[in-house]
Amino acid sequence: TQFGAGIADVQEAIRFVKSHSAEYNVDPDKIALVGESAGGQLAAMAALRGGADTSVKAVVALYTPTDLVSLLKNSTYIPPQIRDSVRGTPFEGLVMAGLAQLSPIDNVRQGMPPFLFIHGTADSLVPFEQSSEMCDRMKKAGASCEIYPVPGGGHGIRWWESSPRLSTGYKLKMIQWLREELGPSDAATS
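Here goes a summary of the coordinates provided. As the structure is a prediction and not an experimental result, all values here were calculated from the model. (Residues numbered from 1 in each chain as written. Predicted model: local features only at pLDDT ≥ 70, side-chain atom pairs only at ≥ 80, totals over all residues. Heavy atoms only, no water.)

## Quick notes on the pattern of salt bridges
We count it as follows: Any carboxyl oxygen of Asp or Glu within 4 Å of a side-chain nitrogen of Lys or Arg constitutes a salt bridge here. Working definition: helices are DSSP H or I runs of at least four residues, strands are E runs of at least two. Numbering for both runs from the N terminus. Only protein chains enter the accessibility calculation, which uses a 1.4 Å probe; a residue whose area is less than 20% of its type maximum is buried, one above 50% is exposed, and one in between is partly exposed.
Applying the stated criterion across every chain yields a total of 5 salt bridges. Across the salt bridge formed by Asp106 and Arg137, the nearest N and O atoms sit 3.7 Å from each other. Residue Asp106 is located in the loop between helix H6 (90-101) and strand E3 (115-120), and its partner Arg137 is located in helix H7 (residues 129-140); the two are separated by 31 residues in the primary sequence. The exposure class of Asp106 is partly exposed, given its relative accessible area of 42%.

## Digging into the nonpolar core
Nonpolar side chains in soluble globular proteins tend to end up buried together. Put simply, the rule reads: To form a nonpolar core, buried Ala, Val, Leu, Ile, Met, Phe, Trp, Tyr and Cys residues must be joined to one another through side-chain atoms within 4.5 Å. Two residues form a contact once any of their heavy atoms are found within 4.5 Å.
Grouped together as the largest cluster of nonpolar side chains are 25 residues, with contacts concentrated most on Leu33, Phe115, Phe117 and Met138. Counting only elements with at least two residues in this core, the list comes to helix H1 (5-19), helix H3 (38-49), strand E2 (58-62), helix H4 (68-74), E3 and H7. Element by element, the count of residues in this core is highest for H3, at 6 residues. Filtering out sequence-adjacent residues up to four positions away, Phe117 remains in contact with Ala61, Thr66, Ser131, Met134, Cys135, Met138, Cys145, Glu146, Ile147 and Tyr148. Residues Ala58, Val150, Trp160 and Leu182 belong to the second largest nonpolar core, which totals 14 residues.

## Details of the sheet that holds E3
To be explicit about the condition: For two strands to pair, DSSP has to find at least two bridges joining them. Only the stretch in contact is used when a helix axis is fitted, and all axes are lines through C-alpha atoms; the angle between N-to-C directions ranges over 0 to 180 degrees.
Taking strand neighbours across the sheet as the criterion, the 4 strands line up as E1-E2-E3-E4 in an open arrangement whose pairing is parallel. Taken across any chain shown, the strands that pair with only one partner, and hence form the sheet edges, are strand E1 (32-36) and strand E4 (145-150). Averaged over all adjacent pairs, the angle separating strand axes in this sheet is 10°, with direction ignored. Pairing of E1 with E2, which is carried by 5 bridges, proceeds in the parallel orientation. Bridge assignment links Gly35 to a residue of E2, and that residue is Ala61. Here H7 sits on the sheet in contact with E3 and E4, set at roughly 165° to E4.

## As for the environment of Pro114
By the element assignment, Pro114 lies in the loop between H6 and E3. Taking the relative accessible area as the measure of exposure, Pro114 reaches 14% and is therefore buried. Considering only alpha carbons, one finds Pro114 and Val150, 36 residues apart in sequence, at a separation of 20 Å. When sequence neighbours within four positions are dropped, the list of residues in contact with Pro114 reads Lys57, Ala58, Val59, Ser144, Trp177 and Glu181.

## Thoughts on H3
Selection criterion: One less than the number of residues in a helix, times 1.5 Å, gives the span that helix is expected to have.
Here H3 contains 12 residues, and its C-alpha end-to-end distance of 16 Å stays within 8% of the 16 Å for a straight helix at 1.5 Å per residue. Within the sequence span of H3, burial applies to Gly40, Gln41, Ala43, Ala44, Met45, Ala46, Ala47 and Leu48.

## Topic: the packing of H1 against H3
Angle between the axes and distance between the axes: these two values describe a pair of packed helices. Definition in use: If an angle is under 35 degrees, it is roughly parallel; if it is over 145, roughly antiparallel; if it lies from 65 to 115, roughly perpendicular; otherwise it is oblique. Under this grouping Gly is polar, as are all residues other than the nonpolar Ala, Val, Leu, Ile, Met, Phe, Trp, Tyr, Cys and Pro and the charged Asp, Glu, Lys and Arg.
The contact between H1 and H3 brings their axes to 9 Å, and the two run at 70°. With respect to H3, the element H1 is oriented roughly perpendicular. Packed against H1, whose contacting residues are Gly6, Ile7, Val10 and Gln11, the element H3 presents Leu42, Met45, Ala46 and Arg49 at the interface. Looking at the contact of H1 with H3, its residues break down into 5 nonpolar, 2 polar and 1 charged.

Shown next, in the form of structure tokens:
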């Protein structure tokens, strides 16, 4: 498998939508990417690595791993034997460099689209701090971002949906934020 092939797939999908925008009645200048967890990492990386042909207007990242190096070093979901087997070897450097290339936090740049991070504060798989640290890095680069914490939320909408207390706020926030970032639809202005 090619390293980063998923990112290229997302970028190809953006190109496809843009090239067929008239057919699908889509404004090619108002495309937003939305992704959950690993899908959020792919959406973020596609936006961060994109050129003019794959540019998007906004990104919504739900409980997205933004620092893969930190996850490898600190996650309790990775058995210590795996970390220990590569620690101090030349392979460790290659793995860390590869993970940094795929980590949105290490690919922040000026001119990147705005991001909305939606993240449960009790996420044990991808810590909430991943979104906070990414947003901090973006702000230092002059980029726009916002964090919507889901108090007590774990990793995944599936769990949020089982609690009426958690299930509506993030949806309303996402819709409101996308409307602000994308602007009025052509239908609303005509």
